[in-house]
Structure formats: structure tokens, C-alpha cells
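Residue-level listing of the chains:
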Amino acid sequence: MAVGSLGSSTTRTKVAPWNDPVIRGWVFQIVVVGLVGLLAWFLVSNTIENLQRQKIASGFSYLHREAGFEIGDTMIAYSPASTYARAIFVGMLNTLKVAVIGIFLSTILGTMIGVGRLSPNWLLAKICECYVEMFRNVPLLLWLFLIYKLISEAFPGPRQAINVLNSFFLSNRGLYAPVPLADPTYHWMGIAFLIGVVATVFVKRWAKKRQDATGQPFPTIKTGIGLIVGLPVIVWLLGGAPHHMSWPHLKGFNFDGGIVIQPEFTALLIGLVLYTSAFVAEIVRSGILALHKGQSEAASALGLSRGQVMRLVLLPQAMRLIIPPMTSQYLNITKNSSLAIAIGYPDLVAAVNVTINQTGQAIENILIIMAAYLSVSLSISAFMNWYNKRIALRER
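Residues numbered from 1 in each chain as written. Predicted model: local features only at pLDDT ≥ 70, side-chain atom pairs only at ≥ 80, totals over all residues. Heavy atoms only, no water.

Undergrad: Can you lay out the layout of surface pockets for me, pointing to particular residues and giving the numbers?
TA: Approximately 1,700 Å³ is the volume found for the largest pocket. Lining the largest pocket are 39 residues, with Lys204, Met319, Tyr387, Arg390 and Ile391 positioned closest to its centre. The set of elements that each furnish at least two residues to the lining of the largest pocket consists of helix 3 (84–117), helix 6 (184–214), helix 7 (220–238), helix 10 (306–336) and helix 12 (362–391). In terms of residue count, the dominant contributor to the lining of the largest pocket is helix 10 (nine residues). Of the residues that constitute the lining of the largest pocket, the class distribution is 25 nonpolar, five polar and nine charged. (1 Å grid on protein atoms, 1.4 Å probe; cavity = no way out; pocket = protein on both sides within 12 Å on 5 of 7 lines; lining within 4 Å. Points joined across faces, edges and corners; volume = space filled by probe spheres on them. Helix = DSSP H or I, 4+ residues; strand = E, 2+ residues; numbered from the N terminus. Nonpolar A, V, L, I, M, F, W, Y, C, P; charged D, E, K, R; others polar.)

Below, the structure is given as C-alpha cells:
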């Protein structure tokens with residue numbers, strides 16, 4: 001009875017609201033959100049008031065006005081009569097072109113350098129080490145200046161251009177090459193190419209399931225090449241096999257016709273690839289070294305060559321360690337492409353910079369740059385996170 005009465009008489013101590021961690025956490029979050037909102041309201045209202053007082057136009061209506069400036073490298077049709085919106089879009093396409101090609105090339109080169117650093121060949125390992133230390137420890141902007149200067153000074157002018165088969169001309173104005181004339185068949189060939197890529201993905205999945213079930217391999221690589229190359233060729237033949245070309249030829253002080261790869265684009269791409277591949281190489285090397293050495297020893301005991309051990313055993317396992325830090329390098333190469341303005345390549349920042357000088361609406365244009373890079377960066381992160389989850393080990 002005494003114990004029972006003692007238990008029934010025990011009362012639960014009430015906690016004051018300001019001592020409850022849950023309530024206190026909610027209060028702190030509400031206060032912080034309120035302060036941030038108040039700061040944002042002050043900045044926006046103050047900016048609008050200053051713009052109105054100085055009679056500076058605001059809003060995005062200027063995007064529909066005529067741009068009035070040239071862009072030297074365009075992937076779509078553009079002229080000075082185009083709108084500011086189209087000019088900015090052209091700059092965005094140029095940024096994406098450099099970023100996509102740079103990511104692809106830096107991944108290949110960085111992987112080769114990273115594997116080379118682990119080579120038993122002393123000379124090869126030291127060359128790869130010097131490459132990494134040289135490019136990783138010098139600012140990218142200096143490399144861009146150096147590469148652009150070498151390209152512009154090393155090659156002759158258009159009249160003394162290096163002639164290859166009377167079709168390709170290399171000068172300090174760029175590389176001029178023949179290009180097919182526009183034809184509707186080429187659009188259908190592009191669609192056929194995409195269909196071939198999608199079909200190859202499905203064939204690869206089917207082949208994997210088939211091999212898991214029967215143990216019989218399927219020639220996926222040969223089939224993929226046949227689909228990706230064969231379908232566009234078939235469409236080209238069905239479309240009448242158009243073969244008319246635009247050939248570059250000297251006209252005045254420069255070449256006319258064909259397609260040109262400008263030195264600014266070349267310098268920017270080379271600089272980004274060489275600089276980023278040095279970081280990629282260290283990521284690949286560290287990912288391989290993180291694996292237990294028993295993996296390579298067991299593979300060698302099975303009679304696999306060093307190349308087969310690296311390609312079939314080490315790299316597939318190291319991918320799970322390589323992908324997360326590799327995402328940061330892909331983001332860096334995209335954001336570092338904004339240095340293109342330093343060597344005159346018309347990327348997004350360059351196009352927006354000219355727009356700011358002509359319209360005077362800096363805030364809106366800066367917001368466009370921020371939104372563009374944010375969208376691209378989030379897209380890259382989302383894709384790499386999806387791929388990282390796809391190759392992750394799944395527990396049974």
C-alpha cells in the first residue's frame with residue numbers, strides 16, 4: 001500500500017515552454033525566417049526606390065528589343081536585328097557547348113592521367129605527376145591567357161594559312177573546314193541517331209538480363225555501334241544521299257564558307273580540359289587506391305593482364321568512390337567557363353555584359369546569369385546523384 005500510494009502521488013513535472021527544445025526550435029526558426037524576410041523586403045524596396053529616384057528602367061521588357069550587336073560564334077541563327085533574349089540564349093548555348101565537351105574530354109584525359117600515376121613505369125608515373133602538379137597549382141585564368149597567346153602567335157595569318165588537302169585551313173583566325181549544306185534529311189538523321197542511342201540502352205539492359213539468366217554474352221557494343229551509326233546512314237540513303245558541301249575559300253582578308261572553329265573557343269576548351277583533368281586525375285587515383293590491394297592480386301592470380309585488371313576489376317569498383325567528388329569538378333568546369341570573357345569568347349557572361357552596357361539594367365541581367373548557372377548546376381547535380389544511386393551497392 002505504501003509503495004502504491006507513493007507511485008500514485010508522484011506527479012509529472014511540467015516543462016516550461018521556453019525550456020522545451022521542440023518549441024524553442026520552432027521559435028528560433030520562425031524568428032530567423034522573419035528576419036531574412038524582413039532583410040529581403042528592405043533590400044528590394046530600397047533598390048526599387050533608388051531605381052525610381054534615378055529614373056533607371058526596371059523589368060524584363062527590354063529582352064524583346066533589338067540587340068544591335070554581333071556574336072562571332074553562334075549555334076543558331078542570329079543577327080544584330082535579333083532580340084536581346086535571343087542574344088542571351090546564343091551565349092547560353094555557347095556556354096553549354098564548352099561545358100559539355102569539356103566535361104567529356106576532361107573525364108577521359110583525367111582518367112588516363114590518374115591511371116598513369118599508378119603505373120609501375122617510373123617515367124610515365126613521374127610525367128603524370130608533373131602534369132597534375134603543374135596544371136593544378138597555376139590559376140586557370142593564366143593558362144587561358146597563355147594558350148590563347150600561343151594559338152594567336154603560333155599560326156600564320158589567313159593568306160599564309162596552313163592548307164591541308166585544299167579543304168582545311170588553319171590560321172590565327174581559327175580552323176576552317178567544309179560543312180554539308182542544310183538539307184531536311186539531316187534533321188531526320190539526327191532523330192535516327194537519338195533513336196539509335198535509346199535503342200542501344202534498351203538492348204544493353206536486355207542483354208544483361210539475358211546473360212544473368214543464361215550465362216551467354218551478347219555483342220552489345222557491336223549492336224550499339226550498328227544502331228547508332230546504321231540508322232542515320234539508312235535515313236541518309238533514303239533521303240537521296242545529299243552530299244553538297246560548303247567549302248572554305250579565301251576572300252579578301254579572311255576565309256568565307258565552310259565552318260570555323262575559332263581560336264577563342266579552342267583556347268577556352270583546352271584550358272578548361274587541361275586544368276580540370278588534373279583534379280579529375282587525383283580523384284581517379286584516390287578512388288583506385290582506396291580499394292583493397294587484394295582485389296588486384298586476386299585478379300592477377302586469375303591470369304588477367306594489368307589492363308584487364310584495371311578495366312574489369314578496379315575501375316568498376318572505384319566508380320562508387322569517384323562519382324561524388326567528380327560531380328564537384330563537373331560543376332567547376334561549368335562555372336569556370338565564365339572566364340571566357342577574358343579571352344573574348346562570346347559565352348553567356350559576355351552576351352549579358354554587352355546587354356548591360358547597352359540597356360543599363362544590371363540587376364535583371366545579373367539575375368539572368370545567376371538563374372542560368374543555378375539551373376545548369378542543379379541539373380548536373382541531379383543527374384550525377386541519380387547515376388551515383390544507380391551504381392551504388394544494394395543490400396539484400
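Here the narrative resumes.
Undergrad: Describe the environment of Val138, listing the residues and the values that go with them.
TA: Locating Val138 in the fold gives a position in the loop between helix 4 (122–136) and helix 5 (140–154). Classification of Val138 as partly exposed rests on a relative accessible area of 28%. It is 49 Å that separates the C-alpha atoms of Val138 and Ile234, two residues lying 96 residues apart in sequence. Apart from the residues within four sequence positions on either side, Val138 is in contact with Trp143 and Tyr275. (Buried < 20%, exposed > 50% of the residue type's maximum accessible area, 1.4 Å probe, protein only. Contact = heavy atoms within 4.5 Å.)

Undergrad: So what's going on with a positive patch on the surface? Residues and values would help.
TA: Positive charge collects at one region of the surface, where Lys204, Arg205, Lys209 and Arg390 lie side by side. Top element by residues in the positive patch is helix 6. It accounts for three residues. For Lys204, the position within the fold is in helix 6. Given the relative accessible area of 57%, Lys204 is considered exposed. (Patch = residues over 30% accessible without salt bridge, like charges linked within 9 Å, V, L, I, M, F, W, Y side chains within 5 Å. Areas by Shrake-Rupley, 256 points an atom, 1.4 Å probe, with all protein chains shown as cover. Salt bridge = Lys/Arg side-chain N within 4 Å of Asp/Glu carboxyl O. Lys, Arg positive; Asp, Glu negative; His and termini not counted. Charge placed at Lys NZ, Arg CZ, Asp CG, Glu CD.)

Undergrad: If you had to explain the sheet that holds strand 1 (residues 162–164) to someone new, which residues and values would you point to?
TA: The strand order 1-2-3-8 describes an open sheet built from four strands, whose pairing is antiparallel. At either margin of the open sheet sits one strand with a lone partner, and together these are strand 1 and strand 8 (259–261). Averaged over all pairs of adjacent strands, the angle between strand axes in this sheet comes to 20 degrees, irrespective of strand direction. (Pairing = 2+ DSSP bridges. Axes fitted to C-alpha atoms, helices over the stretch in contact; angles between N-to-C directions.)

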